[in-house]
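The residues making up each chain are set out below.
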Amino acid sequence: MLIHIYINLLNLIELKIPIIYFSSSGNTKYIAKLIRNGLILAKLETELIPYNTIKKRNLNFEEIQVFGIGAPIYALAFTPNILEWVQNLPKVKKKVKFFLFDTNAGLPGSSIKHVRKILEKKNFEFIGAIEIVTPTRDSVFDSKFFTHVKWSRKKIEKVFQFGINLGKVIKTGKGVLDWSNPTLFGSIIRAYFRVLKKPFYKYTSKLIGYNHKECISCKACENCPTDAIKFDNKPVINHEKCILCFRCLRNCPNNALYFKLLPKAKYFKGPKTINGYIHPNDLLKEYQQKIMK
Ligand SMILES: Cc1cc2nc3c(=O)[nH]c(=O)nc-3n(C[C@H](O)[C@H](O)[C@H](O)COP(=O)(O)O)c2cc1C
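How each quantity is defined
Residues numbered from 1 in each chain as written. Predicted model: local features only at pLDDT ≥ 70, side-chain atom pairs only at ≥ 80, totals over all residues. Helix = DSSP H or I, 4+ residues; strand = E, 2+ residues; numbered from the N terminus. Buried ≥ 20, exposed ≤ 12 C-beta atoms within 10 Å, placed from the backbone. Contact = placed C-beta atoms within 7 Å. Pairing = 2+ DSSP bridges. Right-handed = clockwise from strand over helix to strand, strands pointing away. Axes fitted to C-alpha atoms, helices over the stretch in contact; angles between N-to-C directions. Parallel < 35°, antiparallel > 145°, perpendicular 65-115°, else oblique. Left-handed = near helix turned anticlockwise from the far one by under 90°. Nonpolar A, V, L, I, M, F, W, Y, C, P; charged D, E, K, R; others polar.

Concerning the overall build of the chain
Turning to step 1, where the next piece is worked out: Helix and strand counts for the chain come out as nine helices and 11 strands.
Turning to step 2, where the next piece is worked out: Seen along its three principal axes, the alpha-carbon backbone of the chain occupies a region of about 70 × 45 × 40 Å.
Turning to step 3, where the next piece is worked out: A buried classification covers 34% of the 293 residues belonging to the chain.
Turning to step 4, where the next piece is worked out: Put simply, 79% of the contacts in the chain that link residues at least 6 apart link residues at least 24 apart.

Written as structure tokens, this is what we have:
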């Protein structure tokens, strides 16, 4: 037993755990940072890798021992950009461990199980997962209906604790920490929705409107995670590529871009704007001080 732990610790000396995530309105980024800080408390080195920088990184999965992937749930699955990336990962020769996390509005559709299956077929080894229903539920619109919502400390600490416990699993090389909530119902509706997904993205993205009078040609809308929007005298959306993350609408300083069904909507400005938010570093400091005492 002790030898086993010792060998695992030796293996971890050079280990830096990449945590690859996509986040449009900031919820998944927040969860990624909380997990990272839990792992830091467990004395593990990590690196947060936003999805838009992944191509530049050229990650070699034969050299990585553990990595994490996080995404928001869109249409009952991990977002299409992350899913495509996962599907294109190479099959590995040795066991590379992975953990998963997602944020959702209460309908994750057994997404963790889905991504886990894809990765296990490529020889990756599952060591844990967590799913978080975010308090706003609606990541797009800052709707009045949801203004009473707030982050609960319990939920934030749960994510942090997940990071700490995952650290133990990584260090000992033993156990699986699955805090996801797969349901048969979730798997069935995700399977059905798979057929509807393409038209859903394609036709809903056509509901993004443009008011040229408000446009200041700043091109902020071009900051798109899937390169689906190019500014050529006006924003031109590629409806095959758009994943409906609404980042272009959120980034537009003058509301020249808007959602036709809710033209006057305000956009959600991220988890920090929700009552009860605790900065991941503040939580880390708090726990570090507790240990020192
Ligand atoms: C286009 C779209 C589709 C969504 N579909 C689902 C869904 O099927 N199930 C669910 O629980 N939440 C769904 N959501 C909510 C997001 O998963 C949730 O708000 C998430 O926390 C957003 O993450 P982010 O802030 O990191 O971008 C959807 C959001 C968007 C924008």
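Continuing now.
Here we look at the pairing of strand β6 (residues 125–133)
Turning to step 1, where the next piece is worked out: The pairing of strand β5 (residues 97–104) with β6 spans eight bridges and is classified as parallel. Pairing of Lys97 across the sheet is with Glu125, part of β6.
Turning to step 2, where the next piece is worked out: Handedness of the β5-helix α5 (residues 111–121)-β6 crossover: right-handed.
Turning to step 3, where the next piece is worked out: Relative to strand β7 (residues 177–179), β6 runs parallel, the two being bridged by three bridges. Bridge pairing in β7 links Ile130 to Trp179.

Re unusual backbone geometry
Turning to step 1, where the next piece is worked out: Phi angles above zero are rare outside glycine, and Ala75 is one such case at about 50°.
Turning to step 2, where the next piece is worked out: Tracing the chain through its elements places Ala75 in the loop between β3 (66–74) and β4 (77–78).
Turning to step 3, where the next piece is worked out: Owing to 21 C-beta atoms within 10 Å, Ala75 belongs among the buried residues under this scheme.
Turning to step 4, where the next piece is worked out: We note that Asn233 has phi near 65°; this positive angle belongs to a residue other than glycine.

Regarding the packing of helix α2 (residues 27–41) against helix α6 (residues 153–172)
Turning to step 1, where the next piece is worked out: In the contact formed by α2 and α6, the axes pass within 7 Å of each other and the chain directions differ by 45°. When the interaxial angle is binned, α2 and α6 end up oblique. Handedness of the crossing formed by α2 with α6: right-handed. Side by side, α2 and α6 meet where Ile31, Leu34, Ile35, Arg36, Asn37, Gly38, Leu39 and Leu41 of the first sit next to Ile156, Val159, Phe160, Gln161, Phe162, Gly163, Ile164, Leu166 and Gly167 of the second.

Concerning the packing of α2 against helix α9 (residues 280–292)
Turning to step 1, where the next piece is worked out: In the contact formed by α2 and α9, the axes pass within 9 Å of each other and the chain directions differ by 25°. Taken as axis vectors, α2 and α9 run roughly parallel relative to one another. The two elements α2 and α9 meet at a crossing, and its hand is right-handed. Together, Lys33, Leu34, Asn37, Ile40 and Leu41 of α2 and Pro280, Asn281, Leu283, Leu284, Tyr287 and Gln288 of α9 make up the contact between the two elements.
Turning to step 2, where the next piece is worked out: In the contact of α2 with α9, the residues fall into seven nonpolar, three polar and one charged.

Details of the pairing of β5
Turning to step 1, where the next piece is worked out: Of all eight residues making up β5, seven are buried, and the element is well covered by its neighbours.
Turning to step 2, where the next piece is worked out: For β3 and β5, the ladder comprises seven bridges, and the chain directions are parallel. Bridge assignment links Ile69 to a residue of β5, and that residue is Leu100.

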